[in-house]
Amino acid sequence: MSNKLLEVKNLKKTFGGLKAVDIENLSFNKNELTSVIGPNGAGKTTFFDLVSRFQQQDIGEIYFKDKKITKSQPYKVSRLGLIRTFQLTKVFDRMTVLENLMFSGSSIKNDSFFQSIISTSSSKKYEKGLKDKAFEIMKDLNIEKMSESYARELSGGQKKLLELGRSLMKNPELLMLDEPLAGVNPKLAEDLLEKIKNLSDQGITILMVEHNIEAVMKISERVVVLAEGQVIAEGSPQDVRNNNKVIEAYLGTADE
Ligand SMILES: Nc1ncnc2c1ncn2[C@@H]1O[C@H](COP(=O)(O)OP(=O)(O)OP(=O)(O)O)[C@@H](O)[C@H]1O
Ligand SMILES: [Mg+2]
């Protein structure tokens, strides 16, 4: 077995005439915490969409755990352990925090979810397992006190925590976080960053898109820089910080 958890080859996606993603070869190692950075519109979210199968590429191959997932459905790659969060959180506003978590962890996905799991004794056991797991995660993320709050009552930062919690309910091997710190107050951002670091220490491979460069430099083992859909640099935080192409890419957008 190789040490690569995720690999893409010749991956391309265009919108109209615009090359959103144009990557020749890029791979991510097991247990590594990698950040993907780049100016607005660089193709970071589109890259996440392609890998997690929420969008179909024009051409290219994607491998996860040495399995070709090039044409897989999102739920299939999620079952394999590739879990992503969204730049705009997708929590269920009309469910409580606990319900959000249990729903995410459940393998039953329909409207009668709650009715269906309270009916039999084996389903009661299943529900108990989900609930215990949800409380463990809430405790870990310091949101237990909010278990009965509706998601719509949470602040932007708390929603980000809930979204992270929902991902954890799915037992990620590869956790892809799209701007986990965006819109989060500085104190909570620091906590979140610490949590992400802990998850990495627990053996979850993490791929994080983030504009907070200070945070990126602090916790990443490797940084990949995208600009106009292409990888323009990769390496240690230090390497990337001093890379002229990277500096140019950022200054270029600041001037516009
Ligand atoms: N569904 C779409 N239809 C048309 N164009 C799109 C679509 N999604 C993304 N794009 C374009 O593709 C390019 C890459 O967008 P993407 O959202 O991947 O960038 P990003 O690096 O995530 O940016 P940001 O940092 O602002 O989130 C942008 O020019 C964007 O306008
Ligand atoms: Mg984005």
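Now for a quick tour of the structure.

Concerning the environment of Pro74
Residue position: Pro74 is located in helix H2 (residues 74–80). For Pro74 and Gln55, which are 19 residues apart along the polypeptide, the C-alpha to C-alpha distance reads 9.1 Å. Not counting chain neighbours up to four residues away, the residues in contact with Pro74 comprise Ser52, Arg53 and Phe54.

As for the coordination of the magnesium ion (ligand 2)
Coordination of the magnesium ion (ligand 2) by the protein involves Thr45 (OG1) and Gln87 (OE1), with metal-donor separations of 2.0 to 2.3 Å. With a gap of 42 residues between them, Thr45 in helix H1 (residues 44–51) and Gln87 in the loop between strand S6 (82–84) and helix H3 (97–105) connect regions that are remote in the sequence.

Quick word on the sheet that holds strand S10 (residues 230–235)
Strand order across the open sheet formed by six strands is S6-S7-S8-S3-S9-S10, with mixed pairing between neighbours. Looking at the sheet topology across the chains shown, the edges are occupied by S6 and S10. Along the sheet, successive strands turn relative to each other by an average axial angle of 15°, direction set aside. As judged from the three bridges shared by S6 and strand S7 (residues 174–178), these two strands associate in the parallel manner. Each residue of the ladder has a partner; that of Ile83, found in S7, is Leu175. Helix-sheet contacts for helix H6 (residues 156–168) involve S6 and S7, and the interaxial angle to S7 is about 160°.

Focus: the site of ligand 1
Taken together, 14 residues sit near ligand 1, with Gly41, Lys44, Thr45, Thr46 and His211 positioned nearest. One of the side-chain N or O atoms of Asn40 is found 2.9 Å from an oxygen atom in ligand 1. One of the side-chain N or O atoms of Lys44 is found 2.7 Å from an oxygen atom in ligand 1. Compared with its free state, where it exposes 630 Å², ligand 1 has 63% of that area covered by protein. Among the secondary structure elements, those contributing two or more residues to the shell around ligand 1 are strand S2 (18–29) and H1. Sorting elements by how many residues they give to the shell around ligand 1 places H1 first, with three residues. Of the residues belonging to the shell around ligand 1, the class tally is five nonpolar, seven polar and two charged.

As for unusual backbone geometry
Here the phi dihedral of Lys65 falls at roughly 50°; this positive angle occurs in a residue that is not glycine. Tracing the chain through its elements places Lys65 in the loop between strand S4 (59–64) and strand S5 (67–68). Overall, Lys65 belongs to the partly exposed group, its relative accessible area being 21%. Even without a glycine there, the phi angle at Glu179 is positive, about 55°.

Overview of the packing of H3 against H6
Where H3 meets H6, the axes come as close as 8 Å, and the angle between the chain directions of the two elements is 30°. With respect to their mutual orientation, H3 and H6 come out roughly parallel. H6 is crossed by H3, and the crossing has right-handed handedness. Contact residues: Val97, Asn100, Leu101 and Ser104 in H3; Leu162, Gly165 and Arg166 in H6.

Concerning the nonpolar core
Counting 46 residues, the largest nonpolar core has Val97, Leu164, Leu175, Ile206 and Val225 as the members making the most contacts within it. Lining this core are residues from two domains, each supplying at least three of them: domain 1 (4–91 + 171–255) and domain 2 (92–153). Leaving out residues up to four positions away in the same chain, Ile206 has contacts with Glu32, Leu33, Thr34, Leu175, Leu177, Ile196, Leu199 and Ser200. Of all hydrophobic cores here, the second largest spans 25 residues; its members include Leu6, Ile69, Met176 and Leu207.

Reading the values: rules and limits
Residues numbered from 1 in each chain as written. Chains lettered and ligands numbered in written order. Predicted model: local features only at pLDDT ≥ 70, side-chain atom pairs only at ≥ 80, totals over all residues. Heavy atoms only, no water. Helix = DSSP H or I, 4+ residues; strand = E, 2+ residues; numbered from the N terminus. Contact = heavy atoms within 4.5 Å. Donors = N, O, S within 2.8 Å, 3.2 Å for Na, K, Ca; no water. Pairing = 2+ DSSP bridges. Axes fitted to C-alpha atoms, helices over the stretch in contact; angles between N-to-C directions. Near = heavy atom within 4 Å. Polar contact = N/O pair within 3.5 Å; in protein donor to acceptor, adjacent residues only side chain to side chain. Areas by Shrake-Rupley, 256 points an atom, 1.4 Å probe, with all protein chains shown as cover. Nonpolar A, V, L, I, M, F, W, Y, C, P; charged D, E, K, R; others polar. Buried < 20%, exposed > 50% of the residue type's maximum accessible area, 1.4 Å probe, protein only. Parallel < 35°, antiparallel > 145°, perpendicular 65-115°, else oblique. Left-handed = near helix turned anticlockwise from the far one by under 90°. Core = buried A, V, L, I, M, F, W, Y, C linked by side-chain atoms within 4.5 Å. Domains from an automatic or database assignment.

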